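Examination of the molecular architecture
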Amino acid sequence: RDYYASRGLGDVYKRQNKMLAKSVKKVMLAVPDAKKYFDKNVDFVITGNPVRQEILTAKKEESRKELGLDNRPVVLSFGGSLGARNEAVADLVARSGIDGRYQHIHAYGSYGDWFPQLVEEKGTDIADCSNLDIRPYIDNMPTCMAAADLVICRAGAITLSEIQAMGKPAILIPSPNVAENHQYHNAMALVNAGAADIIEEKDLTGAALMRKTDKMLLNPEKLEKYSENSRKMAITDANERIYSVVKKVLGLV
């Protein structure tokens, strides 16, 4: 795995990557930006990260119909399988429950049992709000992501590859609790390409998240531009690229 693709790997794995890169025939990278973290003499090829076929084929209107969603903007947010502790999202969810301006799908993870109660403490009864879909896990992510107008999430490599493959505008909140702050660098690759916005966790508040969400969803032209730029970054044939490199290295072609 390269710098962009590492998901919570420790410094030991980073050092192993750099050491092994000097003795292998090819190093496969997710993005060009990862080159600068390796020796300049290493032989690189950009393959991207493989994404699920369902991500590539899911359709927005079909997915919204399947989920029972209407024409209001759809926000999808999630914080990883262990549930990033994100009170700011609770503020956004609670407000949507009160004013109904957005439909919101949120997964709070296995350590996020506190989340529904926090939303209710902020004045929203989730059970009474048909525009809120709040659950521990999202087991139909291709459908939910396809339906979304905006994704709010961490900046893990595979998540970003899926966002790009679907061309989804995003607000990225990189986890600071990772080796060499790599999620920040992951996120900035999209930000610099005009494909996403970022809120660092040290700056994250409910008010800040709501302002940025409103700013994006109330500007359809900007949202569409983010979508186009995100899609331009996508590598949707990673499986084929990886297979081709393996065949060449093994001398099968």
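It should be emphasised that the depicted structure is a prediction, and the values quoted were computed from it without experimental measurement. (Residues numbered from 1 in each chain as written. Predicted model: local features only at pLDDT ≥ 70, side-chain atom pairs only at ≥ 80, totals over all residues. Heavy atoms only, no water.)

1. Observations concerning a nonpolar patch on the surface
- A cluster of nonpolar residues, Met28, Val246, Val249, Leu250, Leu252 and Val253, forms a patch on the protein surface that exposes about 540 Å² of accessible area.
- Here Val253 lies in the segment after α11 (238-249).
- Assessed through its relative accessible area of 65%, Val253 is described here as exposed. (Patch = residues over 30% accessible without salt bridge, like charges linked within 9 Å, V, L, I, M, F, W, Y side chains within 5 Å. Areas by Shrake-Rupley, 256 points an atom, 1.4 Å probe, with all protein chains shown as cover. Salt bridge = Lys/Arg side-chain N within 4 Å of Asp/Glu carboxyl O. Helix = DSSP H or I, 4+ residues; strand = E, 2+ residues; numbered from the N terminus. Buried < 20%, exposed > 50% of the residue type's maximum accessible area, 1.4 Å probe, protein only.)

2. Structural notes on the pairing of strand β3 (residues 74-78)
- Burial within β3 is extensive, with five of its five residues counted as buried.
- Neither face of β3 is open: one carries Val74, Leu76 and Phe78, the other Val75 and Ser77, and all of them are buried.
- In terms of strand pairing, β3 meets strand β6 (residues 150-153) through three bridges, oriented parallel. Within the sheet, the bridge partner assigned to Leu76 lies in β6 and is Val151. (Pairing = 2+ DSSP bridges.)

3. Quick notes on the sheet that holds β3
- Pairing in this open sheet of six strands is parallel, and the strands run β5-β4-β3-β6-β7-β8 from one edge to the other. Edge positions in the sheet fall to β5 (132-135) and β8 (196-198), since each of these pairs with one other strand and no more. Within this sheet the neighbouring strands show an average axis-to-axis angle of 15°, counted without direction.
- Against the sheet, helix α8 (residues 182-192) engages β7 (170-172) and β8, with an angle of about 135° to β8. (Axes fitted to C-alpha atoms, helices over the stretch in contact; angles between N-to-C directions. Contact = heavy atoms within 4.5 Å.)

4. Structural notes on the environment of Met210
- Topologically, Met210 is positioned in helix α9 (residues 206-217).
- By relative accessible area, Met210 is classed as buried at 18%.
- Counting along the chain gives 121 residues from Met210 to Val89, while the straight-line C-alpha distance between them is 8.5 Å.

5. Some details on the packing of helix α7 (residues 157-166) against helix α10 (residues 220-233)
- It is at 6 Å that the axes of α7 and α10 come closest, and there the two elements cross at 115°. Relative to α10, α7 is oriented so that their crossing is left-handed. Contacts between α7 and α10 involve Ile163, Gln164 and Met166 on the former and, on the latter, Ser230, Arg231 and Met233. (Left-handed = near helix turned anticlockwise from the far one by under 90°.)

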